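Descriptive structure summary
These are the residues of each chain, in order.
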Amino acid sequence: MLLWEYVMAKEIEGQTLREYGIRKKRIRQRKKLILSLLFLIVILAGGIFIWKLYNKSYSNYEIINTMSNEGIMAKGYVRFGYSFIKYTRDGAVAYDKDKKLLWNGSYDMKNPIADVCNSYAVVADKGNKSLYIFDRKGVVNNIETIYDIVNVKIANQGVVAVLMEADKDYYIYFYNKEGNEIIHMKNNVGNAGYPIDIALSQDGEKLVVSYMSVTKGKLSSSVAFYNFGEVGQNSTDGFVGGWDFDDIVVPKVTFLNNDRVCVFKENGIILYAMSELPVELYQEDFDQKIKSVLHNESYAGVVLDKDENNPRKLLLYNDAGKRVLESDLDFDYDKIYLAENEIIMHDNLTCQIMRIDGRVKFKNVFTSNIDVFYPANNLNKYYLVNDSEVSEVLLLE
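Figured I'd write up the structure that's included with this text. Just so you know, these numbers come straight off a predicted model, no measurement behind them. (Residues numbered from 1 in each chain as written. Predicted model: local features only at pLDDT ≥ 70, side-chain atom pairs only at ≥ 80, totals over all residues. Heavy atoms only, no water.)

With that settled, consider the overall build of the protein. Broken down by element type, the protein carries two helices and 32 strands. The globule rule puts the C-alpha radius of gyration for 397 residues at 21 Å, and the 30 Å found for the protein is more than 25% above it. Here the C-alpha coordinates of the protein stretch approximately 120 × 55 × 55 Å along the principal axes. Per-residue burial for the protein yields a buried fraction of 48% across its 397 residues. Long-range pairs, those at least 24 residues apart, make up 40% of the contacts in the protein between residues at least 6 apart in sequence. (Helix = DSSP H or I, 4+ residues; strand = E, 2+ residues; numbered from the N terminus. Rg over C-alpha atoms; globule rule 2.2 N^0.38 Å. Buried < 20%, exposed > 50% of the residue type's maximum accessible area, 1.4 Å probe, protein only. Contact = heavy atoms within 4.5 Å.)

Next up on the list: the environment of Tyr272. Along the chain, Tyr272 turns up in strand S20 (residues 268–273). When sequence neighbours within four positions are dropped, the list of residues in contact with Tyr272 reads Phe225, Trp243, Phe245, Asp259, Arg260, Val261, Val263, Val279, Glu280 and Leu281.

Attention now goes to the layout of surface pockets. In this approach, a probe sized like a water molecule rolls over the atoms, and the result shows the empty space that is left. Of the volumes computed, that of the largest pocket is approximately 1800 Å³. Lining the largest pocket are 50 residues, with Val78, Arg79, Asp115, Val116 and His295 sitting closest to its centre. Among the secondary structure elements, those contributing two or more residues to the lining of the largest pocket are strand S2 (76–79), strand S6 (112–117), strand S10 (148–154), strand S14 (194–200), strand S18 (252–257), strand S22 (290–295), strand S26 (335–339) and strand S30 (372–375). Class assignment of the residues belonging to the lining of the largest pocket gives a composition of 28 nonpolar, twelve polar and ten charged. (1 Å grid on protein atoms, 1.4 Å probe; cavity = no way out; pocket = protein on both sides within 12 Å on 5 of 7 lines; lining within 4 Å. Points joined across faces, edges and corners; volume = space filled by probe spheres on them. Nonpolar A, V, L, I, M, F, W, Y, C, P; charged D, E, K, R; others polar.)

Of note, Ser119 is situated in the loop between S6 and strand S7 (120–125). Residue Ser119 is classed as partly exposed on the basis of its relative accessible area, which comes to 30%. Counting along the chain gives 179 residues from Ser119 to Ser298, while the straight-line C-alpha distance between them is 18 Å. Not counting residues up to four positions away in its chain, the partners in contact with Ser119 are Phe80, Phe134, Asp135 and Arg136.

Taken together, the side chains of Leu33, Ile34, Leu35, Leu37, Leu38, Phe39, Leu40, Ile41 and Ile43 make up a nonpolar region of the molecular surface, amounting to roughly 930 Å² of accessible area. Looking at the secondary structure, you find Leu33 in helix H1 (residues 3–54). (Patch = residues over 30% accessible without salt bridge, like charges linked within 9 Å, V, L, I, M, F, W, Y side chains within 5 Å. Areas by Shrake-Rupley, 256 points an atom, 1.4 Å probe, with all protein chains shown as cover. Salt bridge = Lys/Arg side-chain N within 4 Å of Asp/Glu carboxyl O.)

What follows deals with unusual backbone geometry. With a phi angle near 55 degrees, Asn118 is a residue other than glycine that sits in the positive phi range. Here Asn118 lies in the loop between S6 and S7. Assessed through its relative accessible area of 42%, Asn118 is described here as partly exposed. Even without a glycine there, the phi angle at Asp237 is positive, about 55 degrees. Inspection of the secondary structure puts Asp237 in the loop between strand S16 (218–227) and strand S17 (239–246).

Side chains of nonpolar character tend, in soluble globular proteins, to be buried together. Judged by nonpolar contacts, the single largest core of 27 residues is most densely connected at Phe84, Ile344, Ile353, Phe366 and Phe373. Every element with two or more residues in this core is listed here: strand S1 (60–68), strand S4 (91–95), S26, strand S28 (350–355), S30, strand S31 (381–385) and strand S32 (389–396). Element by element, the count of residues in this core is highest for S31, at four residues. Residues within four places of Phe366 in sequence aside, it is in contact with Tyr61, Leu349, Cys351, Phe373, Leu384 and Val393. (Core = buried A, V, L, I, M, F, W, Y, C linked by side-chain atoms within 4.5 Å.)

Structure representation (structure tokens):
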């Protein structure tokens, strides 16, 4: 072969190899593009499926399981995760999400009241001197107080704040779950007024108290904020801030979560941030009478009662004070409460579930009485509880 023929053959061979390499690279790029598109399609389809699953509307139901709840009539129920605690004068029972008995605690109380924070619960005998702390395994401790109990709150480590009364004076004692006193403070009625309600933060270090007083026939209220952590060490009784209100009662205060406080006045709502010191975030007063208040860790709301000029209305706010829902309510409920991202309301037989955006998820009439209607999961299962039975309800389209 001549030299020039050899050189041309090598050039052709080189071009062929380059073209093959280019084609191979293009094929790899196309494969990556196709796989990426398929991945995006799967993600999109999965997102649409999940969105539809969690945004379905239901019009029917099926009772898939029932167990007896007969015996001593309940004094009340409180949610305990995706289940509940039933408390009576003779004891309390807790169930897990499958309605299996978690524990059964016995006591003897005349007027039991209860509170729950995450995996701890407290049941106290209002007007007497006994309280019981429970966790998910059962009784943790029984504490005998030195004064009569007025109210009690529990934190997520089992710390309890107990409002007590003796000889027209009021005291607030903190106990750990072992029963040891941590803090106590005395409220002089002549100075602060009568404590109406208390709220305890999830970490057990912050307290909010609503007071009411009448001086020379004039009504006034105040809300006091206490921090028993490092911030309040140099303050008297941990007091770190307060607000006064003339001619207004403040019947309820609550921690939405560890750093957000909601104050429900008889004519309005106030939200505070309180990571350490209280800072007002939002306030709104209403012309209509407040019929109900509701709250959970993320939201606070009020139901304004109807009058001659306005319908009954539900207003809902997030924990930053932004109004996220305003909806007319034509359902004449007996009870209303928040559960995660749902608003549950019911009378004796009819239940309506509304989503946070105002869309109705479910409404139907049951054949058995409703004392409480709690979620059993975050989708379509609920507990219908009354004094006769506990029914597991599956919502159907």
